[in-house]
Amino acid sequence: MSKTALHRELTRHYVLDGSKRYITNAPIADLFTVFARTDPDSTGASGVSAFIVERGTPGLSTSAPYKMMGQAGSPVGEVHFDGCRVPAANLIGGEEGLGFKTAMKVLNKQRIHLAALCTGPAIRMLDMAIDHACERKQFGRPVVDFQLVAALLADCRAEIEAARQLVLATARSRDADKDIALEASICKYFASEMCGRVADRCVQVFGGAGYVADHASIERYYRDVRLFRIYEGTSQIHQLNITKQMLRRRQGKA
Ligand SMILES: Cc1cc2nc3c(=O)[nH]c(=O)nc-3n(C[C@H](O)[C@H](O)[C@H](O)COP(=O)(O)OP(=O)(O)OC[C@H]3O[C@@H](n4cnc5c(N)ncnc54)[C@H](O)[C@@H]3O)c2cc1C
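Structure report, in brief. From a predicted model like this one, the values you see are computed outputs, not experimental measurements.

**Structural notes on helix 2 (residues 147-175)**
- With 29 residues, helix 2 ought to run about 42 Å at 1.5 Å a step, and its terminal C-alpha atoms sit 42 Å apart, in line with that.
- For helix 2, the secondary structure elements touched by its buried residues are helix 1 (99-135) and helix 3 (181-206).
- Of the residues trailing helix 2, Asp177 is marked for its positive phi of about 65 degrees.

**Side note on the layout of surface pockets**
- Of the voids in this model, the largest pocket is the one considered here, and its volume is about 1,900 Å³.
- Elements that contribute at least two residues to the lining of the largest pocket include exactly strand 2 (13-24), strand 3 (31-37), strand 6 (76-87), helix 1 and helix 4 (218-224).
- Here the element with the most residues in the lining of the largest pocket is helix 1; it accounts for 11 residues.
- Class assignment for the residues of the lining of the largest pocket results in 27 nonpolar, 10 polar and seven charged.
- In terms of domain composition, the lining of the largest pocket takes at least three residues from each of domain 1 (5-97) and domain 2 (104-250).
- Here the second largest pocket defines a volume of roughly 180 Å³.
- Surrounding the second largest pocket, 14 residues form its lining, Arg136, Gln138, Val143, Val205 and Gly207 being those nearest its centre.
- Contributing elements (two or more residues each) for the lining of the second largest pocket: helix 2 and helix 3.
- Ranked by residue count, the leading element in the lining of the second largest pocket is helix 3, at three residues.
- Here the residues of the lining of the second largest pocket are counted per class, giving eight nonpolar, five polar and one charged.

**Thoughts on unusual backbone geometry**
- In this structure, Tyr22 is a non-glycine residue whose phi angle is positive, near 55 degrees.
- By the secondary structure assignment, Tyr22 is in strand 2.
- Using a relative accessible area of 54% as the deciding quantity, one classes Tyr22 as exposed.
- One non-glycine residue, Glu232, lies in the positive phi region at around 55 degrees.
- On the secondary structure map, Glu232 appears in the loop between helix 4 and helix 5 (235-250).

Thresholds applied
Residues numbered from 1 in each chain as written. Predicted model: local features only at pLDDT ≥ 70, side-chain atom pairs only at ≥ 80, totals over all residues. Heavy atoms only, no water. Helix = DSSP H or I, 4+ residues; strand = E, 2+ residues; numbered from the N terminus. Expected span 1.5 Å × (residues − 1). Contact = heavy atoms within 4.5 Å. 1 Å grid on protein atoms, 1.4 Å probe; cavity = no way out; pocket = protein on both sides within 12 Å on 5 of 7 lines; lining within 4 Å. Points joined across faces, edges and corners; volume = space filled by probe spheres on them. Nonpolar A, V, L, I, M, F, W, Y, C, P; charged D, E, K, R; others polar. Domains from an automatic or database assignment. Buried < 20%, exposed > 50% of the residue type's maximum accessible area, 1.4 Å probe, protein only.

Below you can see the structure in the form of structure tokens.
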């Protein structure tokens, strides 16, 4: 949580001040996990702690949902803390400075999860595109008979399979307690970019109907999946992390 001033009080409360934009389900959530700096003298991760804050706590408020490009089923908004007093018992791990470590524990798992979340809609979009290509006739033939359309479908299938195998292999490595900091980032980066490419090709297979919401729902998928390349670490952040992790391994640090 940026720009957050936080003071421990003698009454065994912490006081949270600050705000965070772009929080999934903020307008409807009952419980918030909040990362805040508890050590004002530290600029590093060790000065960050994690808290559970319940809706209804005085000083906590949320905004109305944003108007977004897609993901209409998931309201996203802002969370504001204005002198919000949080009981010390709500400090996750019971100790200051564990926030970043707590987040790191779940980060790799979340990245594999997000990669799987990208693969599902890609499979669905390809199914829809295949159905359309088999049914839609041009020049007296289903458009799937045209080799350039077949190539669009083949590229989707090949990339989906690559993402699927990557997700499964990385999940197996995690289950085997291996260091997957590099592989989890590759998973999220590749699967989310793959999903974007599949969405784009599938809209193309639908032709005009792909662009018109009244004629096909593929345009909604195209808008919905755009988010995958932005949250849980943008593609650029994952590119940086992939190289960072490669260098770590090269230097024998992992
Ligand atoms: C719908 C939605 C839901 C979200 N839900 C949540 C949520 O529940 N919880 C939560 O904490 N966050 C959530 N987010 C926030 C999301 O994780 C951030 O928007 C995302 O990490 C990008 O940060 P930013 O918006 O500040 O972009 P910026 O950091 O301003 O990035 C702008 C551009 O610069 C690039 N960039 C930034 N820094 C670097 C760098 N060091 N090197 C190279 N390129 C860089 C980015 O890749 C991007 O292309 C959500 C966002 C959206 C849109």
